[in-house]
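As a plain string of letters, each chain reads:
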Amino acid sequence: MANVTKNFTINARTLLTLGRDSVKDHVTAILELVKNSYDADATKIEIDINIFSDNPSIRVADNGCGMSEKQIEEHWLRIGYSAKRNETFTSQFNRRKTGEKGIGRLSADRLGAILCINTKSLEEKVFGLKINWKEFEKEGVELSKVPVDVIEQPQISIPGSDIGQKTGTEIVITELRHQWNREYIINLRKELSVLVSPFDEVTNLEISLNNDLAPELNGIIKSEFYENAETDLTATFDEKTQTITYKITERLENKNSKEGQIEWTNISQKVGSTSYSSNLSKLSCGNVTIKILFYLRDSSSLEGTNMSLNQLRSFLDSNAGVKIYRDNIRVKPYGDPGSPEGDWLELGERKSKEPAGVARARYRVSPTQIIGAVFVGRDDNPELVDSSSREGLIKGQAFNDLRALALACITLIESFRHKNAKEKQNIKRDKYSAQVTSFKDKINKFEEKLNTIANAVPSEVKTEVYKALNELEEIKKESNVTEKSIAQLLSEKRVLGGLATLGIASAVFGHETQSAISQFNISTNLVAHLLNKDPLEIDIINEELEKARSYARKVSEWGAFALTRVQREKREHKEVYINKIVEKVIKEIKPIFDSANIEIILQLTEIKSKLYAMDIEAILLNLLTNSYTACTQNPLERKVKILVTFVNISDFQIIVSDTGNGVDDSIKEQIWEPLFTTKKNSEGKETGTGLGLTVVQSILNDLQGSRNVKQDDDLGGAQFIITLPRN
Amino acid sequence: MKILIIDDRKDQRESIRRFVESEIPKKWSVIDMPPFEDLEDYVSFISENEISVILVDERLQEQSNNNIVVSYNGHDFISFIRSKLYTFPIYVVTAYDGDSDLIEKFSDVEGIINKTDFTNDILLYLPRIIRSGQHFVETFQVELDELSNISKKIVKGEVTADELQRARAIQTKLNIAFTTEKLNEKQILLQRLKGKLDEFDILKARIDKFIEKKK
């Protein structure tokens, strides 16, 4: 007897749920359609958004590979089918596929109720379907029973058809569901820019946007990330002179750039050994132009942009690698992620062998941080010959030389970054340590010279020289002792600075504690008094007891605040998050500011650095006590704003602003001097300690930081800007 | 008769009020409030609410009330009140009884008392405060009664020159004590009263003349 079986059925509405839940908004829905075009190896994608026409519509058209009727039936109409599961890279351009797996096309329902898809593959005629998503909303209808109309005379407008493009897909969506505004268009442009190459010369993908809502945003989408490269290099190689002419620019360091020329023979040694052999004396690859962009994969790269870290990483994942372009056309597979030949410079292997950071001489960049383009031409580089296999170049001497040249440019970037990092590191060490190091270096050099002399002089003089060397040895021992003493003194100074800050803060905030103690006394006295009365007023007694408890807690909190200021762990030199230190201090001090009706506004960027937490706390507390005092002089509006932000990759700022009376230009330098105070009582008598900013200045001197004070444009009072090096 | 407690800190003035309420005599009551933004508002408030004595804190700028932080402290308040109400009894009850600004006003107030001491020994301080308030009210009441008697004599035409002068002196004292719009109304009232008295004088003169003619 045959088994009786049943089958699952699917409610048609499920299709819509899948699509609607798979994307977060209608901009993402368009992006999914564009990603499908990208994955179809399109070189041109057109997006038209017409809101103000009689029949508002969205059109996404591409000149990708298109689909046959069979592919439509077996792939496009099959829910859950995705070519991307098995094939991670596209067939023609070996692009890493970007679209969502299997349900991207359903998300088009988010955009509008009617979708018309017309597609043309190479071998077949145009085939078109019209989908009315409303049909899928009917209750109780089985999915397979909802008809999808085949368009009888399908028409297609393929981007670039005027120049002979023959395949592609065009999707037109009508009965739009959403209100569109300028913000959505801007957001769409940003997302699209992640897909395009940062190099203007590269033409393997052109996305154009056309809309009637914000026409000023129309046009070809350019990469937003070109300007965000941490370091960019442009180099040209002249085969005749065997010289590399280059320019390296660092983005955030005031756009510092280095220009130079270097002969191949002078850099060839630095390229290092590889699995390919290049010609150390002469390169035969022809004239070449190389462009390399180096990116940091963290939030410091986003400084000055409105892009997100996810967008940056998507951009790098889509575009990272050093690609070869011959006459501006990609030569596969060089620079393709995932392809064995993709990392043709073996940057990954180099990095794994030398994982050192930028501060070390053997620093190597990571392949996921580089977007590079090597531009060659049939005329300029006749020795670079196509391989007889499907792709690539013959790995002859010319190719090896091209490879060595590209690596040389990578090496230039590595040296540049390493040198800058070292310079900053030397500046960052506290000046006393630097002075001691400098002194020891001089001693060592002197010792070397004396040793040299000792070998050269006659024996009667040698004795005197050796005597001098012995004395020098004693001096070295003493300098070691001095170095330790300096380190100890610096540590003690740090603690004293912390204690001074605590004292200053106590002087300013102490009255809050005094008021709390006063209230505690009043409430407890009242309770004692009322307990002797008849009848007992229990409600009042309870209220006063609760007050007493509450104020006792405040006193306790202030005590805890004072005790934690000089904890040992805060005197250790270690990696800390600046923003977290600020958050903690603010949390502890907020009740005092609340009592004085001072609003605290925080704008904190996550910044990690190696330093003493106590130094940051001391700087912050002293600025906050000043701001507190300044605000209490303004009965109308009391605000303090604290900003922690990057200046560039190497420096960060703590900025404290308030709604006080500001600092007059005439005393902007004086305020940092000891015992100078602007804090006065109602009769003009000085009441401040005059030490808070002196403590701040002292810390900045040790840390090689800097400070500035001006008027805050927003709050109107003083703005103190503290800049510190980031270790 | 009322005691007015002025303090920017709600919890503190509430506790002090409870303390005072627990020990004041029956005819007395207590009001507590945060400081007014405008000092001028105190004078009318005092007269309209029959305040007899004030307990004020020194540090009035530390906390906001209804998003208002006043621009003056206790010693400024004292200077102002003294310029308007020369003899009005004021005590400062504060945790900052050693503040130099306050000490300078020592002669302008009835007393400067530490808050904790006040609550520790309320039975020591409160009777003094009550007495000050009572004395002020009683002094005022006596003069009002005196003015009323002299006014009756004016109407009857029995007032002496000395009594008239005394009436004007009391009037002046009343004017200095209550220089508000309401007090300006009193000024107008007194002027009208004087006008009426003058009219009575004229009428009396006419009646006398008529009577004389009839004789």
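Residues numbered from 1 in each chain as written. Chains lettered and ligands numbered in written order. Predicted model: local features only at pLDDT ≥ 70, side-chain atom pairs only at ≥ 80, totals over all residues. Heavy atoms only, no water.

Draft legend 1. Structural view of the overall build of chain A. Looking only at helices and strands, chain A has 14 helices and 22 strands in total. For chain A, the accessible area works out to roughly 36,000 Å², and carbon and sulfur atoms hold 49% of it. (Helix = DSSP H or I, 4+ residues; strand = E, 2+ residues; numbered from the N terminus. Areas by Shrake-Rupley, 256 points an atom, 1.4 Å probe, with all protein chains shown as cover.)

Draft legend 2. Local environment of the sheet that holds strand 4 (residues 90-94) of chain B. All names here are of chain B. Here five strands make up an open sheet; going across it, the order is 2-1-3-4-5 and the pairing parallel. For this open sheet the edge positions go to strand 2 (29-33) and strand 5 (111-114), each flanked by a neighbour on one side alone. Across the sheet, the mean angle from the axis of one strand to that of its neighbour is 25°, orientation sign disregarded. Across five bridges, strand 1 (residues 2-6) lies against strand 2 in parallel orientation. The residue bridging I3 from the neighbouring strand is V30, located in strand 2. Packed onto the sheet, helix 2 (residues 41-48) meets strand 1, strand 2 and strand 3 (51-56) and runs at close to 135° relative to strand 3. Most of the contacts of helix 3 (residues 74-84) go to strand 4, to which it runs at about 175°, and overall it touches strand 1, strand 3 and strand 4. (Pairing = 2+ DSSP bridges. Axes fitted to C-alpha atoms, helices over the stretch in contact; angles between N-to-C directions. Contact = heavy atoms within 4.5 Å.)

Draft legend 3. Seen up close, the interface of chain B and chain A. Between chain B and chain A, the residue contacts involve 29 residues of the former and 28 residues of the latter. When the two sides are added together, the surface that chain B and chain A hide from each other amounts to roughly 2,400 Å², 42% of it contributed by carbon and sulfur. For E23 of chain B, the salt bridge is made with K533 of chain A, and the minimal N-O distance between the two is 2.5 Å. At the junction of chain B and chain A, the tally comes to 17 residue pairs in polar contact (both at pLDDT 80 or more). For the side of chain B that touches chain A, the leading source of residues is helix 1 (residues 10-21) of chain B, giving seven residues. When the residues that make up the side of chain B that touches chain A are grouped by side-chain class, the tally is seven nonpolar, twelve polar and ten charged. (Buried area = accessible area lost by both parts, 1.4 Å probe. Salt bridge = Lys/Arg side-chain N within 4 Å of Asp/Glu carboxyl O. Polar contact = N/O pair within 3.5 Å; in protein donor to acceptor, adjacent residues only side chain to side chain. Nonpolar A, V, L, I, M, F, W, Y, C, P; charged D, E, K, R; others polar.)

Draft legend 4. Representation of helix 13 (residues 613-632) of chain A. A rise of 1.5 Å per residue sets the reference length of helix 13 of chain A, with its 20 residues, at 28 Å; its end C-alpha atoms lie 28 Å apart and thus fit the reference within 8%. Most of helix 13 of chain A sits inside the fold, with 18 of its 20 residues counted as buried. (Expected span 1.5 Å × (residues − 1). Buried < 20%, exposed > 50% of the residue type's maximum accessible area, 1.4 Å probe, protein only.)

Draft legend 5. Local environment of the nonpolar core. Residues and elements named next belong to chain A. Ranked by internal contacts, the top residues of the largest apolar core, which has 50 residues, are F509, I578, F593, L624, I642, I654 and I722. When residues of this core are traced back to their parent elements, those giving at least two are helix 10 (459-530), helix 11 (538-564), helix 12 (578-595), helix 13, strand 19 (639-646), strand 20 (651-658), helix 14 (692-703) and strand 22 (718-725). Here the element with the most residues in this core is helix 13; it accounts for ten residues. With sequence-adjacent residues up to four places away left out, F509 is seen in contact with W558, I589, I592, F593, T625 and Y628. (Core = buried A, V, L, I, M, F, W, Y, C linked by side-chain atoms within 4.5 Å.)

Draft legend 6. Summary view of the packing of aromatic side chains. Residues and elements named next belong to chain B. The tally for this structure, following the rule as stated, stands at 15 aromatic pairs over all chains. With a centroid separation of 5.4 Å and 70° between ring planes, the pair formed by F36 and F45 is classed as edge-to-face. By relative accessible area, which is 22% here, F36 ends up partly exposed. Owing to a relative accessible area of 17%, F45 belongs among the buried residues under this scheme. Three or more aromatic residues joined by ring pairs make a cluster, and in this case those are F36, Y42, F45, Y72 and F77. Looking at R59, its charged tip hangs above the ring of Y96, at a distance of 3.7 Å from the centre. (Phe/Tyr/Trp six-rings, centres within 6.5 Å; stacked < 30°, edge-to-face > 60°. Lys NZ or Arg CZ within 6 Å of the ring centre and 35° of its normal.)

Draft legend 7. Layout of the pairing of strand 9 (residues 231-238) of chain A. Residue and element names in this part refer to chain A. Because side chains alternate across strand 9, one face comprises the buried residues T231, L233, A235 and F237, and the other comprises D232, T234, T236 and D238, none of which is buried. The sheet contact formed by strand 9 and strand 10 (residues 243-250) spans eight bridges and is antiparallel. If you follow T236 over to strand 10, its bridge partner there is T245. Counted between consecutive antiparallel strands, the loop separating strand 9 from strand 10 contains four residues, among which Q242 sits at a positive phi close to 55°.

Draft legend 8. Local environment of unusual backbone geometry. Residue and element names in this part refer to chain A. P535 follows D534 through a cis peptide bond whose omega is 0°. Inspection of the secondary structure assignment puts P535 in the loop between helix 10 and helix 11. A positive phi angle, close to 55°, is found at E346, a residue other than glycine. Residue position: E346 is located in the loop between strand 14 (329-331) and helix 7 (347-353). Judged by its relative accessible area of 18%, E346 falls in the buried class. Non-glycine residue Q704 carries a positive phi angle of around 60°. Locating Q704 in the fold gives a position in the loop between helix 14 and strand 21 (706-711). Taking the relative accessible area as the measure of exposure, Q704 reaches 31% and is therefore partly exposed.

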